[in-house]
Amino acid sequence: MGAPELRVLNDSKELAGEAAELFVWLGKQVIEQGGRFRVALSGGSTPRALYETLASRPFSERLDWKRVEFYFGDERCVPPDHPESNFRTAEEALFGPLRIAPERIFRMKGEADPDEAVRQYEALIRERFGAAPPAWPSFDLILLGLGEDAHTASLFPGTAALNEKTRLVVVNQSPKGVKNRLTLTAAAINQAQTVVFLVSGAGKAGAVCSVLEEDDGQRGQGVARFPARSIRPVKGRLIWLLDGAAAAGLTIAKQGIASHEE
Ligand code: 6PG
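Residues numbered from 1 in each chain as written. Predicted model: local features only at pLDDT ≥ 70, side-chain atom pairs only at ≥ 80, totals over all residues. Heavy atoms only, no water.

A. Up close: the overall build of the chain. A tally of regular secondary structure across the chain gives 8 helices and 9 strands. Its C-alpha atoms give the chain a radius of gyration of 17 Å, within 12% of the compact-globule value 18 Å for 262 residues. Structurally, the chain occupies a C-alpha span of about 45 × 40 × 35 Å along its principal axes. Taken over 262 residues, the chain has a buried fraction of 54%. Sequence separation of 24 or more characterises 75% of the internal contacts of the chain that already satisfy a separation of 6 or more. As presented, the chain carries roughly 11,500 Å² of accessible surface, and 50% of it is formed by carbon and sulfur atoms. Between the centroid of the 32 positive side chains of the chain and the centroid of its 34 negative side chains there is a distance of 2 Å. (Helix = DSSP H or I, 4+ residues; strand = E, 2+ residues; numbered from the N terminus. Rg over C-alpha atoms; globule rule 2.2 N^0.38 Å. Buried < 20%, exposed > 50% of the residue type's maximum accessible area, 1.4 Å probe, protein only. Contact = heavy atoms within 4.5 Å. Areas by Shrake-Rupley, 256 points an atom, 1.4 Å probe, with all protein chains shown as cover. Lys, Arg positive; Asp, Glu negative; His and termini not counted. Charge placed at Lys NZ, Arg CZ, Asp CG, Glu CD.)

See the structure below:
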């Protein structure tokens, strides 16, 4: 993997706009090559602004949404209509407004027995991507958020999921909020063609530095403390989209908005 691409936007509105431009640009590329654009959405609250931007003009008209398949990077073990459900956030801000057909939405079943839910989701991904073991499915795009403790998806510091090397989807526990989570593993995420971190707000500045700049020498140990460091795509692109507040602690030169067409 090359160095991550870093883009710093002035504020959260510009951040959402840049993320939407990137989403549509990547999607067009895949669809024009005859494919279906398969995306795994991140959880939390940050993506809502991106979803609302994609569901509004001009973006709502710039992609053939019938050729997009939506998956999830992680989910809380709650029903799909629960306020904490990542699916519910996407349903309200993206799937509903764009009238995405249910058959193109593949949610993790937070309401089911967690062990059964991850087994089913892994089987579903492998079947839809035609990737039986030992092959690895490769999402076209995986969107990720970043927690203040440098977790991403539901890969939390010091948890067993961080050591998973062969499974695609596992159950994990969160130290805050809904305890049980379903999550793609770093091994699965690192097979994607493009991975995009979408990070906004001063509260994340410390975590951004811990992941992108500080190096405690033993890289492996750093992953246990800063799980987002485990995201290093094997062949794909890694892009960090940050607003100024989230990037405020970085010492490296703040790049302008490099075109994603490079
Ligand atoms: C989740 C996420 C998680 C999230 C970060 C950032 O289900 O909570 O997938 O990794 O992306 O915690 O969350 P915010 O965007 O709410 O700050």
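B. The arrangement of the packing of aromatic side chains in detail. Within the structure shown, the criterion is met by 12 aromatic pairs. Here Tyr-71 and Phe-106 contribute two aromatic rings whose centre-to-centre distance is 4.7 Å and whose plane-to-plane angle is 15°, an arrangement assigned as stacked. One end of the pair, Tyr-71, is in strand 3 (residues 68–72); the other, Phe-106, is in the loop between helix 3 (86–98) and helix 4 (114–129), with 35 residues separating them in the sequence. The same class applies to Tyr-71 as to Phe-106, namely buried. (Phe/Tyr/Trp six-rings, centres within 6.5 Å; stacked < 30°, edge-to-face > 60°.)

C. Representation of the confidence of the model for the chain within the structure. Here the chain shows a mean pLDDT of 94. Residues at 70 or above account for 93%. Put simply, helix 7 (residues 219–225) is where the chain has its lowest mean pLDDT, 77, and strand 3 is where it has its highest, 99. Confidence drops under pLDDT 50 across residues 255–259; counting only partners more than four residues distant or on other chains, this segment forms 9 contacts. (pLDDT = per-residue confidence, 0-100.)

D. Main features of the site of the ligand. Close to the ligand lie 15 residues, the nearest being Ser-45, Thr-46, Arg-76, Ala-153 and Lys-204. Asn-86 places a polar side-chain atom, nitrogen or oxygen, 2.9 Å from an oxygen atom of the ligand. Ala-153 is positioned such that a nitrogen or oxygen atom in its backbone is 2.6 Å from an oxygen atom of the ligand. In the complex, the protein chains occlude 87% of the 410 Å² of accessible area that the ligand would expose alone. Placement of the ligand is best described as lying within the largest pocket. (Near = heavy atom within 4 Å. Polar contact = N/O pair within 3.5 Å; in protein donor to acceptor, adjacent residues only side chain to side chain. 1 Å grid on protein atoms, 1.4 Å probe; cavity = no way out; pocket = protein on both sides within 12 Å on 5 of 7 lines; lining within 4 Å. Sits in = over half its atoms within 2 Å of the grid points.)

E. Expanded view of helix 4. Across its 16 residues, helix 4 extends 22 Å between first and last C-alpha, which sits within 8% of the 22 Å expected from 1.5 Å per residue. Considered for burial, the residues of helix 4 that qualify are Pro-114, Ala-117, Val-118, Tyr-121, Glu-122, Ile-125, Arg-126 and Phe-129. Looking straight down helix 4, one finds that the buried residues subtend no more than 160° of arc, so they occupy a single side. Each element contacted by the buried residues of helix 4 is listed here: strand 2 (37–41), strand 3, strand 6 (169–173) and strand 7 (180–184). Phi turns positive one or two residues past the end of helix 4, at Gly-130, with a value near 60°. (Expected span 1.5 Å × (residues − 1). Arc of directions from axis to C-beta.)

F. Structural context of the pattern of salt bridges. One pass over the structure, following the stated rule, counts 15 salt bridges. The salt bridge partner of Arg-237 is Glu-5, with a shortest N-O separation of 2.7 Å. One end of the pair, Arg-237, is in strand 9 (residues 237–243); the other, Glu-5, is in strand 1 (residues 5–9), and 232 residues separate them in sequence. By sharing partners, the salt bridges in this structure join Glu-5, Arg-7, Glu-18 and Arg-237 into a single network. (Salt bridge = Lys/Arg side-chain N within 4 Å of Asp/Glu carboxyl O.)

G. Looking closely at the sheet that holds strand 6. In spatial order, the strands read 4-7-6; together these 3 strands make up an open sheet with antiparallel pairing. Among the strands making up the open sheet, the edge pair consists of strand 4 (74–76) and strand 6. This sheet shows a mean twist of 20° between the axes of neighbouring strands, independent of strand direction. Bridge analysis of strand 6 against strand 7 gives 5 bridges, and the strand direction is antiparallel. (Pairing = 2+ DSSP bridges. Axes fitted to C-alpha atoms, helices over the stretch in contact; angles between N-to-C directions.)

H. Highlighting the environment of Pro-47. Note that Pro-47 resides in helix 2 (residues 47–54). Between the C-alpha atom of Pro-47 and that of Ala-90, which follows or precedes it by 43 residues, the distance is 8.4 Å. With sequence-adjacent residues up to four places away left out, Pro-47 is seen in contact with Ser-42 and Leu-198.

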